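Topology and contacts: notes
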Amino acid sequence: MDTTTTVILVAAVLAATVLVLALVLLVRLVRARQALRRAGLPTGPRWIFWGAVLYLVLPTDLLPDPVYLDDIGVLLLALRSLRTGATPQTGGTRS
């Protein structure tokens, strides 16, 4: 194999790995939201969840599609918002 083929092969493997990571995060996001809803806990703003899913699916991105780092970032932010929406807020004192 020449160097061009090797570079293309390595880039393809890296792109496939990052795509798999993005899909795993999408599955985790959907499962987390379902688990929170089954438990009766708040899931945060609905637009964050659907916005993250749409951002992953739609072809327009901040970065070109072979680089899924922006998709992963959006999914991680959505997971974080679900987690913070599920934690009980302790803001006041009880009497």
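Residues numbered from 1 in each chain as written. Predicted model: local features only at pLDDT ≥ 70, side-chain atom pairs only at ≥ 80, totals over all residues. Heavy atoms only, no water.

**Overview of the overall build of the protein chain**
Summing up its helical and strand segments, the protein chain has three helices and zero strands in all. Secondary structure elements of the protein chain, listed N to C terminal, follow the sequence α-α-α. Expressed as a percentage of the 95 residues in the protein chain, the buried residues total 24%. Within the protein chain, contacts between residues separated by at least 24 positions form 59% of all contacts whose residues are at least 6 apart in sequence. Within the structure as shown, the protein chain displays about 7100 Å² of accessible surface, and the carbon and sulfur contribution to it stands at 69%. (Helix = DSSP H or I, 4+ residues; strand = E, 2+ residues; numbered from the N terminus. Buried < 20%, exposed > 50% of the residue type's maximum accessible area, 1.4 Å probe, protein only. Contact = heavy atoms within 4.5 Å. Areas by Shrake-Rupley, 256 points an atom, 1.4 Å probe, with all protein chains shown as cover.)

**Some words on the nonpolar core**
Note that soluble globular proteins tend to have their nonpolar side chains buried in a common cluster. Core analysis: the largest hydrophobic core is formed by 15 residues, its most contacted members being L29 and L75. Residue assignment for this core shows that the elements contributing at least two residues are helix 1 (3–38), helix 2 (46–57) and helix 3 (69–86). Those residues in contact with L75 that lie beyond four places of it in its chain are A22, L25, L26, L29, A52 and L56. (Core = buried A, V, L, I, M, F, W, Y, C linked by side-chain atoms within 4.5 Å.)

**With respect to the packing of helix 1 against helix 2**
Packing of helix 1 against helix 2 brings their axes to within 11 Å, and their N-to-C directions diverge by 155 degrees. One way to sum up the angle between helix 1 and helix 2 is to call them roughly antiparallel. Crossing hand, helix 1 versus helix 2: left-handed. Two secondary-structure elements touch here, helix 1 through A22, L26, L29, V30 and R33 and helix 2 through R46, F49, A52, V53 and L56. Class assignment of the residues belonging to the contact of helix 1 with helix 2 gives a composition of eight nonpolar, no polar and two charged. (Axes fitted to C-alpha atoms, helices over the stretch in contact; angles between N-to-C directions. Parallel < 35°, antiparallel > 145°, perpendicular 65-115°, else oblique. Left-handed = near helix turned anticlockwise from the far one by under 90°. Nonpolar A, V, L, I, M, F, W, Y, C, P; charged D, E, K, R; others polar.)

**Some points on helix 2**
With twelve residues, helix 2 should cover 16 Å at 1.5 Å per step; its first-to-last C-alpha distance of 17 Å lies within 8% of that length. For helix 2, every residue scored as buried is listed here: F49, A52, V53, Y55 and L56. Angularly, the buried residues of helix 2 cover 160 degrees about the axis, an arc narrow enough to put them on a single face. Away from its buried face, by an angle of more than 90 degrees, helix 2 presents the exposed residues R46, W47 and V57. (Expected span 1.5 Å × (residues − 1). Arc of directions from axis to C-beta.)

**Examining helix 1**
Counted at 1.5 Å a residue, the expected span for helix 1 with its 36 residues is 52 Å, and the 52 Å between its end C-alpha atoms agrees. Positive backbone phi, approximately 80 degrees, marks G40, located one or two places after helix 1.

**Observations regarding the environment of A15**
Considering the arrangement of structural elements, one finds A15 in helix 1. As for A15 and Y68, which are separated by 53 residues in sequence, their C-alpha atoms are 7.7 Å apart.

**A short note on the confidence of the model for the protein chain**
Chain-level pLDDT for the protein chain is 76 on average; 76% of the residues reach the 70-or-more range. The lowest-confidence element of the protein chain is helix 3, averaging 77 in pLDDT; the highest-confidence one is helix 1, averaging 85. (pLDDT = per-residue confidence, 0-100.)

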